[in-house]
Amino acid sequence: MKIKLYDHLNKQFGYDMFRIGQEEVITSVLEGKHTLAVLPTGTGKSLCYQLPGYLLKGIVIIVSPLLSLMQDQVEQLKINGEKRVTALNSFLESKERKQIIHSLQNYRFIYTSPEMLTNNEILQKLKQMEISLFVVDEAHCISQWGPDFRPDYLNLSMIRSELKNPTTLALTATATEDVRADIIKHLNLDNVNQLIYSVDRPNIALVVEETTNYNDKVNKLLQFVKQLQKPGIIYFSSKRLTEEMAALLRNNGIAQTAAYHGGMDREQRILIQQQFLHNQLQVICATSAFGMGVNKENIRFVIHFHMPYQLDSYLQEIGRAGRDGKKSIAVLLYSPGDEFLPLQIFENELPSDDQIEQFFLLNKNSNEESLLNLTEIQLRFLTYYQKKYERSEVAKRVKRIRDFRIQYKQKKLNEMVKWVKSTTCRREGILRYFQEQKVTNVKDCCDVCGVHIENYQTYIPENVKGQNENWQLLLKNLLIRGDEK
DNA sequence: CGCAATTATGGTATCATAATTGCGGTGCTATACT
């Protein structure tokens, strides 16, 4: 068996050796065990189902959160000479789609979304196929997005049982015990083989930098970006700020800078990501929309202008640095009150008591929904639970689910803030959160243990101080220009 | 929450200030219609 594995590794993928965890995951899957694998970023998770795909009889279904990820993976497999691969999603024209659905048995790998699988026509068709492996890529999305943002993620257990409980592999780079329990629950798996590897990335120094106010933060950001080795990513919680700050950086001599967020055209987003991957851009100012599936080895820094609402996301985002194993740095800029932005966002995203009550009083066939001024997310949240609980007291139950969800996010945010404000080793703090112990003694560990910042800087020939003085002027000009619009 | 933008107010000009409102993140799919 072992020899066969290495044979295939070499023949299909051209590698001589497995990376950490890969062999264990593949063996587990081939033995028909449901497997939950937490493998650190950059260890080649896709191989964990692609190789078994060649050894098993039947179709491999891969549930992926993003269309762009599916397209990338399909392309990658095609480059490797695999023709029996497709992405079943809304990119397909209806003709194409019909054709593919009609000939599903001809494929070995089918990438798709939870939303597509919820479509009854597609599910019925898949039921007739022999499915050798059901893969959920980026499985933390079940827990992170399922309960509100993308409820179809919660349908996966129903889908799995419709497909007669195929061997399932859930893959992610970060998952605490709670999140793992959530994944297992929503996939309805029993006897799960959990293969958990350390989430620690010793080559990434962890720095939290306190700032006194907004201007001070902008100032510090500018200093860091000027001095740190590039390429790098800066995360913001606002689309508007990604664009404003990208302009500010460009005006300050960091020419190869661009913004990236979910409000941009799809084409524009792809262009920017490609330019970054090919070193035509040095700095990306982004919202959390940027990152999943960005396989760039040499990212040297990740700065957070705003912190995310949970350490899970923080680790995902900083984990994009230093995949080549070389020294990299994560800097989180904090100013007092920063935690109120995420708090506000998730306290308002779900429907209010009034909205819930009124929604369930509506006549389902009328179009009165529009009168409630619901956002798309609120409407989907309500519709999902309307279908799920078709009986009395729905409103009460939905309110309880909403409250529970808000409380959960508040708890997550509190843990994040506690970490930011703590005065003990940052690495230890993160690892404790992931139920791990710090084992290695890391040089340049964190701001608490001490970091030699010069290890992460580029040599700057000009007088930096002189340049720093006119940023305020530039910012002022920028803001004035903004006012005139 | 905290800040910016918009609207309301007062008293009766064409404005200064107060009060209110809005904004702030992640993506799938389906369908109608220029």
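Residues numbered from 1 in each chain as written. Chains lettered and ligands numbered in written order. Predicted model: local features only at pLDDT ≥ 70, side-chain atom pairs only at ≥ 80, totals over all residues. Heavy atoms only, no water.

Going by an unreviewed UniProt entry, chain A carries the name ATP-dependent DNA helicase RecQ and comes from Heyndrickxia sporothermodurans.

(A) Local environment of the domain arrangement of chain A. Taken as a whole, chain A is organised into domain 1 (2–196), domain 2 (204–338 + 421–456) and domain 3 (341–413). Placing the centre of domain 1 and that of domain 2 at their C-alpha centroids yields a distance of 30 Å. If you look at the interface, domain 1 gives 20 residues, while domain 2 gives 14 residues. Counting the contacts that link domain 1 with domain 2 gives zero salt bridges. With four residues, helix H8 (residues 140–145) is the largest single contributor of residues to the side of domain 1 that touches domain 2. Across the side of domain 1 that touches domain 2, the residue classes tally to 10 nonpolar, seven polar and three charged. (Domains from an automatic or database assignment. Contact = heavy atoms within 4.5 Å. Salt bridge = Lys/Arg side-chain N within 4 Å of Asp/Glu carboxyl O. Helix = DSSP H or I, 4+ residues; strand = E, 2+ residues; numbered from the N terminus. Nonpolar A, V, L, I, M, F, W, Y, C, P; charged D, E, K, R; others polar.)

(B) Examining the sheet that holds strand S4 (residues 109–112) more closely. Strand order in this open sheet of seven strands is S3-S4-S2-S5-S6-S1-S7, and the pairing throughout is parallel. Each end of this open sheet is capped by a strand with a single partner; those strands are strand S3 (85–88) and strand S7 (192–196). The average undirected angle you get between the axes of adjacent strands in this sheet is 15°. By the bridge criterion, four bridges tie S3 to S4 in an arrangement that is parallel. Bridging from a neighbouring strand, Thr 86 pairs with Ile 110 of S4. (Pairing = 2+ DSSP bridges. Axes fitted to C-alpha atoms, helices over the stretch in contact; angles between N-to-C directions.)

(C) Main features of the layout of surface pockets. In this structure, the second largest pocket spans a volume of roughly 730 Å³. In terms of lining residues, the second largest pocket is bounded by 24 residues, among which Pro 147, Leu 154, His 186, Tyr 385 and Lys 388 are the most central. For the lining of the second largest pocket, the secondary-structure elements that each account for two or more residues are helix H9 (156–162), helix H10 (177–187), helix H17 (376–388) and helix H18 (394–421). No other element matches H17, which puts six residues into the lining of the second largest pocket. A breakdown of the residues in the lining of the second largest pocket according to their chemical character gives 10 nonpolar, five polar and nine charged. Per-domain counts for the lining of the second largest pocket show at least three residues from each of domain 1 (2–196) and domain 3 (341–413). (1 Å grid on protein atoms, 1.4 Å probe; cavity = no way out; pocket = protein on both sides within 12 Å on 5 of 7 lines; lining within 4 Å. Points joined across faces, edges and corners; volume = space filled by probe spheres on them.)

(D) Structural view of helix H4 (residues 67–79). The terminal C-alpha atoms of H4 lie 18 Å apart, and with 13 residues this matches the ideal 18 Å at 1.5 Å per residue to within 8%. Every buried residue of H4 is listed here: Leu 69, Met 70, Gln 73, Val 74 and Leu 77. Projected down its long axis, H4 shows its buried positions confined to an angular sector of 130°, all on one face. Turned more than 90 degrees away from the buried face of H4 sit Glu 75 and Ile 79, all of them exposed. Contacts from the buried residues of H4 go to helix H3 (47–55), S3 and S4. Of the residues flanking the end of H4, it is Gly 81, one or two places downstream, whose phi is positive at about 95°. (Expected span 1.5 Å × (residues − 1). Buried < 20%, exposed > 50% of the residue type's maximum accessible area, 1.4 Å probe, protein only. Arc of directions from axis to C-beta.)

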